[in-house]
Amino acid sequence: AFGKQIQAKLLDLNYFLVGAGAIGCEMLKNWALMGVGCGPGGKVHVTDMDRIEKSNLSRQFLFRNSDIDEFKSATAARAARAMNSSMNVVPYQEKVGADTEHIFGDDFYDALSGVCTALDNVEARLYVDQRCVFYRLPLLESGTLGTKGNTQVVVPHLTENYGATRDPPEKSIPVCTLKNFPNQIQHTLQWARDYFEGAFRQQAEDVNAYLTDDDYLGTLAGQQNTKLETLRSVHKALVEDRPVRFEDCVTWARLAFEDLFDNQIRQLLHNFPEDQVTSGGAKFWSGSKRCPKPLAFDADAECEDANMRNHLDFVVAAANLRASVYGIKGRTDEEYFRSALKNVIVPDFVPREGVKIAANDAEAKENEESGGGGGGDMEDVDAECDRILASLPKPSELAGFKLNPVDFDKDVDEHMRFVTACSNLRALNYSIPTEDVHRSRAIAGRIIPAIATTTALVAGLVCLELYKIVGTAGRDLKIDALKNGFVNLAVPFMTLSEPTAPSTTKAVLKGKEWNWTAWDSIDMNMGDITLREFVTYFEKEYNLEVTMLSQGVSILFSFFANKKKVEERMKMKMSDVVRSVGKKEFPPNQLFIIFELIANDITTDEEVEIPYVKFRFR
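Thresholds applied
- Residues numbered from 1 in each chain as written.
- Predicted model: local features only at pLDDT ≥ 70, side-chain atom pairs only at ≥ 80, totals over all residues.
- Heavy atoms only, no water.
- Helix = DSSP H or I, 4+ residues; strand = E, 2+ residues; numbered from the N terminus.
- Buried < 20%, exposed > 50% of the residue type's maximum accessible area, 1.4 Å probe, protein only.
- Contact = heavy atoms within 4.5 Å.
- Lys, Arg positive; Asp, Glu negative; His and termini not counted.
- Charge placed at Lys NZ, Arg CZ, Asp CG, Glu CD.
- UniProt positions renumbered as here; feature names shortened; annotations may be inferred.
- Pairing = 2+ DSSP bridges.
- Phe/Tyr/Trp six-rings, centres within 6.5 Å; stacked < 30°, edge-to-face > 60°.
- Axes fitted to C-alpha atoms, helices over the stretch in contact; angles between N-to-C directions.
- Parallel < 35°, antiparallel > 145°, perpendicular 65-115°, else oblique.
- Left-handed = near helix turned anticlockwise from the far one by under 90°.
- Nonpolar A, V, L, I, M, F, W, Y, C, P; charged D, E, K, R; others polar.
- Salt bridge = Lys/Arg side-chain N within 4 Å of Asp/Glu carboxyl O.
- Domains from an automatic or database assignment.

**Focus on the overall build of the chain**
Looking only at helices and strands, the chain has 20 helices and 16 strands in total. Projected onto its principal axes, the C-alpha coordinates of the chain cover approximately 80 × 65 × 55 Å. A buried classification covers 47% of the 618 residues belonging to the chain. Residue pairs at least 24 apart in sequence account for 71% of intrachain contacts in the chain once pairs closer than 6 positions are excluded. Charge centroids of the chain, computed over 71 positive and 90 negative side chains, lie 4 Å from each other.

Below you can see the structure in the form of structure tokens.
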């Protein structure tokens, strides 16, 4: 029954809220009103690396116009304290991941009562889930998609963890549809995104790798199908198309327009004329295959959105992005561009013979497997690669020079203006209706607008499960008392179901059966013992002979290893063995080392499958 005792437990909870967006705001509001972390021993940690944007205000209700450009976590924490001044809330602006384990490490998780995620991507959820499994912490998970919402409660040893089941991967757009036969704006936007990545990020990263990687040739040798294409790209960036002034960036952008929206379309129509028929006698350009038409550049070309002039906007955005990659100062004044464009000499199009264009996905795959973009046999490719390498400036000649790769961000206006113009021009090629920047941003970022009602509902369902976990402190909690929720307010539909119990693995140790789950580990809290003591412990406690021991990617001990080396390590402390083999120091806040081992039953000599070892060395 709910009363003073449960309320006292809520006050002293130490919870970690990952994300301070729509669900995160609702959760903090609920917790402030419930009293979570509001006692002398309680605390709420909230982290979110994003800043507040104007588009957030409609659904992330703890934020106001005056908060735009402030960090979400700090602003949400301040708003929660305004509702309940006793709330001990600590904001962070860090991503939760392997690179921030010096902040969110063993000592941090050791002090927590549980974790609540308010995330928008599966990768981050899976990482947090693994942390919760390792530290055996309850996890409250939720998500929304428009009018749809779901909640999942994860309790150590009682339910399966979040990562135990996965949704099937999203269907991707076929390669040949993207490259040559788009029929929807989604196709042209994805194509524009891919071009952005190649032109403003990948090429710059390839150049930087060439300039800084001492074993660049070795790395390149492992990329047989793409190495020629990579070297051609590096040669273009450092020799053929390397800009010195901003005018060079404008020229590059204008020629890119010609290549993408005129020349490539003319080449496609050269390979597959408008009146082409298939081997079965049907029209090639029919059904989902739209016959394209080339675009002639026109700086005055208007489009449906008065703020988007696709031709000029493409050149302005592309030139400025190109300039930022090379560290050249950009500019956006229209008069300058109109004047500079008059001086650009655009070569006439000449169709190339022998160019293979895949008519379907099967042909695209075949081309790829036969070395598609590189062309020719292996010897020809290697010879061409050697020729290009010889013509490149030596890294020593460009000491200190590097390019600045641009990571696409849907919330950066310059990025979206380029992607929108690029997508719309491609759409005009194929007579597909164009979209404005706002709608393109939503499609390119795969944004389905969040609805405040759905967000409030899932946050409320999560808090009901929190009451159950706190109310029983895990002792008398039964799986049928917990509920995962699935809702769709548009139908309307709502169902609550019991979580699934964790799957078990059977092991027989010293004649006794042990059914262990993902939540289990062999915990060793004996201090930093030697490798010999470690191996002896498994012999005495579990009747197991350790045949191989690893930590991460490093093998620390194995029955087939050099006997002299094994004997040396047997005398070393476990942490020293890991340092010696892995050549890395432990962060000061790390308390545990994870060991994986293969072991045989000493009596039967059969391999026994056991969980990982959680070794506390500090």
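Don't stop here, the text continues.
**Things to note about the UniProt feature "domain: Ubiquitin-activating enzyme E1 C-terminal" (unreviewed entry) in the chain**
Summarizing the sequence annotation, UniProt attributes the feature "domain: Ubiquitin-activating enzyme E1 C-terminal" (unreviewed entry) to residues 482-613 in the numbering used throughout. The span residues 482-613 is 22% helical and 37% strand by assignment, and the distance between its end C-alpha atoms comes to 30 Å.

**Some thoughts on the environment of E607**
Along the chain, the position of E607 falls in strand β15 (residues 607-608). Note on E607: relative accessible area 60%, which makes it exposed. Residues E607 and T453 lie 154 residues apart in sequence; the distance between their C-alpha atoms is 54 Å. Discounting residues that sit within four places of it in the chain, E607 has contacts with I598, A599 and N600.

**Here's the deal with the pairing of strand β8 (residues 493-497)**
Where strand β7 (residues 484-488) lies against β8, five bridges are found, and the strand directions are antiparallel. Each bridged residue has a counterpart across the sheet, and for N484 the counterpart in β8 is S497. Turn length for the β7-β8 hairpin, with the two strands adjacent in sequence and antiparallel, is four residues.

**Digging into the packing of aromatic side chains**
With the rule as written, the count across this model stands at 42 aromatic pairs. Between the aromatic rings of F534 and F615, the centroid separation amounts to 6.2 Å while the plane-to-plane angle is 65°, which identifies the pairing as edge-to-face. Residue F534 is found in helix α18 (residues 531-542), and its partner F615 is found in strand β16 (residues 613-616); the two are separated by 81 residues along the sequence. Each member of the pair F534 and F615 is classed as buried.

**Quick word on the packing of helix α10 (residues 246-271) against helix α15 (residues 413-429)**
Relative orientation of the contacting elements α10 and α15 amounts to 15°, with a least axis distance of 11 Å. With respect to each other, α10 and α15 are oriented roughly parallel. Between α10 and α15 lies a crossing whose hand is right-handed. On α15, the residues touching F257, L260, F261 and I265 of α10 are C422, L425, R426 and N429.

**As for the pairing of strand β6 (residues 148-154)**
Side-chain positions along a regular strand alternate between the two faces of the sheet. Counting buried residues along β6, five of its seven residues qualify, which places the element largely inside the surrounding structure. The pairing of strand β5 (residues 139-145) with β6 spans seven bridges and is antiparallel. Opposite L139, over in β6, you have V154 as the bridge partner. Here β5 hands over to β6 after two residues, with G146 in that stretch at a positive phi of 65°. As defined by bridge partners, β6 adjoins β7 across four bridges and the pair is classed as antiparallel. Within β7, the residue paired with T151 across the bridge is G485.

**As for the UniProt feature "active site" (unreviewed entry) in the chain**
According to UniProt, the "active site" (unreviewed entry) feature falls on C176. With respect to the helices, strands and loops of the structure, C176 is situated in helix α6 (residues 175-179).

**Digging into the sheet that holds β5**
Taken together, eight strands build an open sheet; the order of strands is β3-β2-β1-β4-β5-β6-β7-β8 and the sheet is mixed. Each of the sheet's edge strands pairs with one partner strand only, and the pair in question is β3 (89-92) and β8. Between one strand and the next, the sheet's axes are offset by a mean angle of 10°, whatever the strand orientation. Taken strand by strand, helix α2 (residues 22-34) contacts β1 (14-18), β2 (43-47), β3, β4 (114-117) and β5, and its axis lies near 160° from that of β1.

**Here we look at the packing of α2 against helix α3 (residues 72-83)**
Closest axis-to-axis distance for the α2/α3 pair is 9 Å, and the angle between their directions is 25°. When the axes of α2 and α3 are compared, the pair comes out roughly parallel. Judged by the sense of rotation from one axis to the other, the crossing of α2 with α3 is right-handed. When α2 is examined against α3, the residues L28, K29 and A32 are found in contact with a partner set consisting of A76, A77, A80 and M83. A breakdown of the residues in the contact of α2 with α3 according to their chemical character gives six nonpolar, no polar and one charged.

**Focus: the pattern of salt bridges**
According to the stated counting rule, one finds 22 salt bridges in the structure shown. Between D413 and R441 there is a salt bridge, with the nearest N and O atoms lying 3.3 Å from each other. On the criterion of sequence distance, the pair formed by D413 in helix α15 and R441 in helix α16 (residues 437-444) is long-range, its members being 28 residues apart. For R441, a relative accessible area of 18% puts it in the buried group. For D576, the salt bridge is made with R579, and the minimal N-O distance between the two is 2.9 Å. Highlighted residues: D576 and R579, both in helix α20 (residues 574-582), separated by three residues, approximately one helical turn. Given a relative accessible area of 33%, D576 falls into the partly exposed group.

**Some words on the domain arrangement of the chain**
Under the domain assignment, the chain is made up of domain 1 (4-146 + 449-471), domain 2 (175-273 + 300-445) and domain 3 (504-616). With centres defined by C-alpha atoms, the gap from domain 2 to domain 3 works out at 51 Å.

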